[in-house]
Amino acid sequence: MQYYDLLIQRGRNTSILGNIYPNENIGKNQYTGIDLQLNWQKSTSIGDFYATANAGFQNSKVIYIDEVTQPYPWMYRTGERVGQLFGYISEGFYQTIAELQSRATTVGYQPQLGDLKYKDLNNDGVINQLDVAPIGPQSPYITFGSTLGYSRKGFDFSVLVQGVANRVIVANANSMLAFQNGGF
């Protein structure tokens, strides 16, 4: 299913004048998915037993967001998942002096042993905004759950287990603010 006329700000607007441009109904996203559920129930002389299991798979894709022209294909948001995280791709940690000496430079920072080593995607010898790419899972979100239960003569006992896979949550000050000061 495609959602269109989504409110977004044009990416090609210039900020030279310091203006904040209005959101416009120009965005377009596509969502696809499937939900599955399986139920089981058995009545016996000692009571009724039941179980359910469910799973959902949801994929999304940005069709149009009016992006500026990017120098490298990995920098485009169009075609990626809705809400896809972008950042630097880690290649592990600096473990030897030789790795530190043969690394791509990072402007304004001198890495030490044990620091994260980032991938120089455009091979220019510098880690900068041109090396930002999609990070995190790029496959469909998966939700799943299961309920197990027993009932007899008005007494009911059940256990619910649920979870999600391929989901990334970035813990930053904004996401933690809701849990501080009673949510205010």
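Values in this document were obtained by computation on a predicted structure and should not be read as measured data.

### Thoughts on the sheet that holds strand 10 (residues 141-152)
So, step 1. Pairing within the open sheet is antiparallel, and its five strands lie in the order 1-2-3-10-11. Edge strands, defined here as strands with exactly one partner in the open sheet, are strand 1 (2-8) and strand 11 (155-165). Taking the axes of each pair of neighbouring strands and ignoring which way they run, one obtains an average angle of 20° across the sheet.
So, step 2. Sheet topology places strand 3 (residues 47-64) next to strand 10; 11 bridges connect them, and they run antiparallel. Among the inter-strand pairings, Thr52 is bridged to a residue of strand 10, identified as Thr147.

### Side note on the pattern of salt bridges
It is possible for side chains bearing opposite charge to pair when their charged atoms get close.
So, step 1. Under the defined criterion, the tally for this structure stands at three salt bridges.
So, step 2. With its nearest N and O atoms 3.1 Å apart, the salt bridge here joins Glu99 to Lys117. Here Glu99 is found in helix 1 (residues 97-101), whereas its partner Lys117 is found in strand 7 (residues 116-118), with 18 residues between them in sequence.
So, step 3. The exposure class assigned to Lys117 is buried, which follows from its relative accessible area of 18%.
So, step 4. Salt bridges sharing partners connect three or more residues here, namely Arg10, Glu24 and Asp66.

### With respect to the packing of aromatic side chains
So, step 1. This structure, assessed with the given rule, holds four aromatic pairs.
So, step 2. Relative to Trp74, the ring of Tyr72 has its centre 4.6 Å away and its plane inclined at 5°; by these criteria the two rings are stacked.
So, step 3. Looking at Trp74, the relative accessible area reads 23%, which means it is partly exposed.
So, step 4. Sitting over the face of the ring of Phe86, Arg77 holds its NZ or CZ atom 3.6 Å from the ring centroid.
So, step 5. One residue, Arg81, lies across the ring of Tyr141, its end atom 3.8 Å from the ring centre.

### A look at the environment of Asn54
So, step 1. By the secondary structure assignment, Asn54 is in strand 3.
So, step 2. The exposure class of Asn54 is partly exposed, given its relative accessible area of 36%.
So, step 3. Between the alpha carbons of Asn54 and Leu38 there is a distance of 6.3 Å; along the sequence they are 16 residues apart.
So, step 4. With residues near it in sequence (within four places) discarded, Asn54 still touches Leu36, Gln37, Thr143, Phe144 and Gly145.

Criteria and cut-off values
Residues numbered from 1 in each chain as written. Predicted model: local features only at pLDDT ≥ 70, side-chain atom pairs only at ≥ 80, totals over all residues. Heavy atoms only, no water. Pairing = 2+ DSSP bridges. Helix = DSSP H or I, 4+ residues; strand = E, 2+ residues; numbered from the N terminus. Axes fitted to C-alpha atoms, helices over the stretch in contact; angles between N-to-C directions. Salt bridge = Lys/Arg side-chain N within 4 Å of Asp/Glu carboxyl O. Buried < 20%, exposed > 50% of the residue type's maximum accessible area, 1.4 Å probe, protein only. Phe/Tyr/Trp six-rings, centres within 6.5 Å; stacked < 30°, edge-to-face > 60°. Lys NZ or Arg CZ within 6 Å of the ring centre and 35° of its normal. Contact = heavy atoms within 4.5 Å.

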